[in-house]
Amino acid sequence: MRTFLLVFLFLLVAGGVAQAQDVLTKRNGEELKVKVVEITPSEVKFRRADNPEGPLISVWRTDVFMIVYANGVKEVLNAATIFQPGPSSPPAAVRAAFPEEVPTVANQDPNDAVLEEPIRLDGPRVGVTFLSPGVRGKARDEGVEVGAVITQFGWQFESRLFRLPNGVSGLVEFVPLVGGLEQGRFLPSISGLLGIRGAKGFEFGVGPNVTPLGASVVLALGTSIRSYGVNFPVNLAVVPGRDGMRVSLLVGFNARHR
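Each value, and the rule that gives it
- Residues numbered from 1 in each chain as written.
- Predicted model: local features only at pLDDT ≥ 70, side-chain atom pairs only at ≥ 80, totals over all residues.
- Heavy atoms only, no water.
- Helix = DSSP H or I, 4+ residues; strand = E, 2+ residues; numbered from the N terminus.
- Buried < 20%, exposed > 50% of the residue type's maximum accessible area, 1.4 Å probe, protein only.
- Contact = heavy atoms within 4.5 Å.
- Areas by Shrake-Rupley, 256 points an atom, 1.4 Å probe, with all protein chains shown as cover.
- Core = buried A, V, L, I, M, F, W, Y, C linked by side-chain atoms within 4.5 Å.
- Pairing = 2+ DSSP bridges.
- Salt bridge = Lys/Arg side-chain N within 4 Å of Asp/Glu carboxyl O.
- pLDDT = per-residue confidence, 0-100.
- Axes fitted to C-alpha atoms, helices over the stretch in contact; angles between N-to-C directions.

Points about the overall build of the chain
Assigned secondary structure in the chain consists of three helices and 15 strands. The burial tally for the chain puts 34% of its 258 residues in the buried class. Long-range contacts, defined here as pairs at least 24 residues apart, represent 44% of the contacts in the chain between residues at least 6 apart. With the model as given, the accessible surface of the chain reaches about 15,700 Å², and the carbon-plus-sulfur share is 63%.

Have a look at this one:
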């Protein structure tokens, strides 16, 4: 009998732990069983309850009506909301409890860009730079003999300034590099970029580039692959100039700076 009671209590506790989940109710009446990770002024971030180790999912805060946490605590994010009629809508008695119009919540509109505290991502960069004959000739005039291809080592400092509802974000980057170490040279360069990153990771930027040989404009494009919270950027940068062109291929990784 005692063994039976212990097994029963174990199953009861295990069942309670398995059901320990949050319930997120959206403004359209849809209910999601989730584990809420973070609530920001613009987003609610969560993971699915049936996949707790899965990807982090974000929804606009203005699309969320209420969250009922696993401990029973209820948090209403948009007290005035509306359920859109449709096949999955709740009963009419539930919809009647809410007003027919939705006021703007905290002066935010889901179609507006999200202006937020800059999100900073830092990480190393490595790669190679191809130097045109004209660039090598100018370096030679300055007393620096260098090959047609040099290695690059540096660091990327990135800040995301805003994000649009379609996932496009605006960012600024600062990338200091040191090249030519494999040839016994110390060739520093600094680039500042103002760019745009698409929802799928494609990015483009433009800005100034400064080296001991002079200043120019750098054009960069590439992509950023995200996995388990780490970004793996791959970029091609072109620096045209009166004396020739420099083309760099850089890779690396970065993560959100906290």
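Text resumes after the structure shown.
Brief notes about the nonpolar core
Formed by Leu24, Leu32, Val34, Val36, Val44, Phe46, Val59, Val64, Ile67, Tyr69 and Leu77, the largest nonpolar core amounts to 11 residues. If you list the elements that add at least two residues to this core, you get β2 (31–39), β3 (43–48) and β5 (64–68). By residue number, the principal contributor to this core is β2, which donates three residues. With residues up to four places along the chain from it excluded, the contact list for leucine 32 reads Asp22, Val23, Leu24, Lys26 and Phe46.

Re the pairing of β2
Where strand β1 (residues 22–26) lies against β2, four bridges are found, and the strand directions are antiparallel. Note on β2: the bridge partner recorded for leucine 24 is leucine 32. Where β1 folds back onto β2 in an antiparallel hairpin, the turn is made up of four residues, including glycine 29, whose phi is positive at roughly 95 degrees. When β2 meets β3, the two strands line up antiparallel, connected through five bridges. Bridging from a neighbouring strand, glutamate 38 pairs with lysine 45 of β3. Between the antiparallel neighbours β2 and β3 lie three residues.

Examining the pattern of salt bridges
Scanning all chains against the criterion turns up eight salt bridges. Put simply, aspartate 50 and arginine 48 hold a salt bridge, and the shortest N to O gap is 2.6 Å. Looking at arginine 48, the relative accessible area reads 45%, which means it is partly exposed. Sharing partners across several salt bridges, the network here consists of Glu158, Glu173, Arg197 and Glu203.

Considerations on the environment of leucine 194
Summarising the element assignment, leucine 194 is placed in strand β10 (residues 187–197). Exposure remark for leucine 194: the relative accessible area of 55% places this residue in the exposed category. Along the backbone, leucine 194 and glycine 207 are 13 residues apart, and their C-alpha atoms lie at a distance of 6.1 Å. Sequence-distant contacts of leucine 194, that is, excluding residues within four places in its chain, are made with Leu171, Val172, Phe204, Gly205 and Val206.

Brief notes about the environment of threonine 25
By the secondary structure assignment, threonine 25 is in strand β1. Threonine 25 gets classed as buried once you look at its relative accessible area, which sits at 6%. As for threonine 25 and phenylalanine 65, which are separated by 40 residues in sequence, their C-alpha atoms are 5.7 Å apart.

Side note on the confidence of the model for the chain
Across the chain, the average pLDDT comes to 80, with 76% of residues at or above 70. The low-confidence segment residues 11–18 (pLDDT under 50) makes zero contacts with residues lying over four places distant or belonging to another chain. pLDDT under 50 marks residues 85–90. Its contacts with residues more than four places away, or in other chains, come to six contacts.

Remarks on the sheet that holds strand β4 (residues 57–60)
Pairing in this open sheet of six strands is antiparallel, and the strands run β4-β3-β2-β1-β5-β6 from one edge to the other. Two strands in the sheet have a free side with no partner beyond their single neighbour: β4 and β6 (74–76). With strand direction ignored, the average angle separating the axes of adjacent strands in the sheet is 40 degrees.

Looking at helix α3 (residues 133–141)
For α3, the set of buried residues is Val135, Gly137 and Ala139. Positive phi appears at glycine 143, one or two residues downstream of α3, with a value of about 90 degrees.

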